[in-house]
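Descriptive analysis of the structure
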Amino acid sequence: MSEFSSRVEAQRQILKAVNSKAWKKEQLFALTGSAIQRWATANGVDGSAQLLKLLNLASAQIFVMSNHSDDPIAGTYLITKQRVATLEGQVRDELSSSQFSEVLARAE
Amino acid sequence: MHLYAFGSVCRGEIDRDSDIDLLALVSGHDNRLEQSKYSIYSYSKMKKMWFKGSPFAWHLALESRLLFASDDSDFLKSLGQPSSYVHFLSDCEKFYGVFLEARSSLTESTSSRVFDFSTIFLSVRNIATCFSLGVLGQPIFSRHAALRMPPDFKLPISERSYRILERSRILCTRSVGSDIAEEEAGLVLSECDNIDHWMTELVKKAKSHERIQQSS
């Protein structure tokens, strides 16, 4: 998988995790800062929620991945990729916490 | 630091959906630069892209304007012309792969649907730009490159489907616009075979072009 695909896939997996919940208004469309803000406002997610912090961290790390994309073997890229994977796990844990228990899982 | 404008604003293509693309060249981290407003590159990375002859280097060489230079120099101009673009086949294959992954994700679930449509728009635009630069020798850097290809290579989907893909892209990058409705999603999904066939043909032509180049 190319680094470009790898970056797209990292975002996709986090979006799938977040959107596995049936949010009131809108899905999270992307991991850009403005998309996260739109989703949080539309669905009334508390601005201080840990989930929001994790998503913004993942957004920043994906930006770092793109900046080191010409050298995917280099340490920074691999470390950042691992950080994004860890954040994905933390997002999944946060979604299953009691705070979001009232948001139902989406039926596919 | 060097700041450049590039893209549609430099071509004079202004419409309501156009944003202004800005490039920042920096020596190290600069926290004054908002990543959502600038494409940020180090000087060394830009030099590598120039040396590799990447489509983005060609885009900047042909369609950028210097806005600010902390040392009064035009850094990009000083690099001269980028190297020949030789990786067109692997790039076309890469973006075809990105399309296939998005399509597969759409089949699996709707949990990242807008993002997957946005990714399809990106893959369609990028394969058209890589093909036009590497194979046709007439680069099209517009985000509508797929529609502006010569008639034999133009993306064969309806205008409406194309606009839904474009709207998805804008939803993901700028968070502006309305969500994609079920009926609209169905329309785009029904065009995926056409997109697949179009991309397959571009990859075939790119392979053939590479063989001709290698034998001459």
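It should be emphasised that the depicted structure is a prediction, and the values quoted were computed from it without experimental measurement. (Residues numbered from 1 in each chain as written. Chains lettered and ligands numbered in written order. Predicted model: local features only at pLDDT ≥ 70, side-chain atom pairs only at ≥ 80, totals over all residues.)

Side note on the overall build of chain A
Counting its regular elements, chain A contains four helices and zero strands. Written out in order from the N terminus, the α and β elements of chain A read α-α-α-α. Taken across its 108 residues, chain A has 32% of its residues classed as buried. Contacts spanning at least 24 positions in sequence make up 54% of the contacts within chain A whose residues lie at least 6 apart. (Helix = DSSP H or I, 4+ residues; strand = E, 2+ residues; numbered from the N terminus. Buried ≥ 20, exposed ≤ 12 C-beta atoms within 10 Å, placed from the backbone. Contact = placed C-beta atoms within 7 Å.)

Structural notes on the overall build of chain B
Counting secondary structure elements, chain B contains nine helices and four strands. Ordered by position from the N terminus, the helices and strands of chain B form the series β-α-β-β-α-α-β-α-α-α-α-α-α. Taken against the 2.2 N^0.38 rule, which gives 17 Å for 216 residues, the C-alpha radius of gyration of chain B at 18 Å falls within 12% of a compact globule. Principal axes of the C-alpha set define a box for chain B whose edges measure 55 × 50 × 30 Å. By the burial criterion, 38% of the 216 residues in chain B qualify as buried. Looking at chain B alone, contacts between residues at least 24 apart form 61% of all its contacts between residues at least 6 apart. (Rg over C-alpha atoms; globule rule 2.2 N^0.38 Å.)

Side note on the interface of chain B and chain A
Counting residues at the interface gives 23 residues for chain B and 23 residues for chain A. Elements supplying a minimum of two residues to the side of chain B that touches chain A: helix H2 (43-52), helix H5 (88-108), helix H6 (113-136) and helix H7 (159-173) of chain B. Of the residues in the side of chain B that touches chain A, the class split is five nonpolar, twelve polar and six charged. (Nonpolar A, V, L, I, M, F, W, Y, C, P; charged D, E, K, R; others polar.)

A short note on helix H2 (residues 33-43) of chain A
All names here are of chain A. What H2 keeps buried is the set Ala35, Ile36, Arg38 and Trp39. Within H2, the buried residues cover an arc of 160° as seen down the axis, which keeps them to one side. Residue Gly44 follows H2 closely and has a positive phi angle near 65°. (Arc of directions from axis to C-beta.)

Quick notes on the environment of A:Arg12
Following the sequence through the fold, A:Arg12 ends up in helix H1 (residues 3-18). Distance in space between the C-alpha atoms of A:Arg12 and A:Trp39 is 16 Å, their sequence separation being 27 residues. When neighbours within four sequence positions are excluded, A:Arg12 is seen to be in contact with B:Ser105, B:Ser112 and B:Phe115.

Topic: the packing of H7(B) against helix H8 (residues 182-190) of chain B
All names here are of chain B. The N-to-C vectors of H7 and H8 enclose an angle of 110°; their axes lie 9 Å apart at closest approach. Put simply, H7 runs roughly perpendicular to H8. Helix-helix and strand crossings are classified by hand; for H7 and H8 the assignment is left-handed. Note on element contacts: H8 touches H7 through Glu184, Leu187 and Val188, opposite Arg160, Ser161, Ile164 and Leu165. (Axes fitted to C-alpha atoms, helices over the stretch in contact; angles between N-to-C directions. Parallel < 35°, antiparallel > 145°, perpendicular 65-115°, else oblique. Left-handed = near helix turned anticlockwise from the far one by under 90°.)

Brief notes about the domain arrangement of chain B
Residue and element names in this part refer to chain B. According to the domain assignment, chain B contains domain 1 (2-78) and domain 2 (88-215). The C-alpha centroid of domain 2 is placed 24 Å from the C-alpha centroid of domain 1. On the side of domain 2, eight residues touch domain 1, which itself brings nine residues to the contact. Ranked by residues supplied to the side of domain 1 that touches domain 2, first place goes to helix H3 (residues 55-62) with four residues. By residue class, the composition of the side of domain 1 that touches domain 2 is three nonpolar, two polar and four charged. (Domains from an automatic or database assignment.)

Looking at the sheet that holds strand E4 (residues 64-69) of chain B
Residue and element names in this part refer to chain B. In space, the four strands of this open sheet follow the order E3-E2-E1-E4, with mixed pairing throughout. Strands with a single pairing partner mark the edges of an open sheet, and in this sheet they are strand E3 (39-42) and E4. Along the sheet, successive strands turn relative to each other by an average axial angle of 25°, direction set aside. Pairing of strand E2 (residues 21-26) with E3, which is carried by four bridges, proceeds in the parallel orientation. Paired with Val26 across the two strands is Ser42, which belongs to E3. Packing against the sheet, H2 makes contact with E2 and E3, and its axis sits at approximately 90° to E3. (Pairing = 2+ DSSP bridges.)

Regarding the pairing of E2(B)
For strand E1 (residues 2-6) of chain B and E2(B), the ladder comprises five bridges, and the chain directions are antiparallel. Within E2(B), the position partnered with B:Ala5 by the bridge is B:Leu22.

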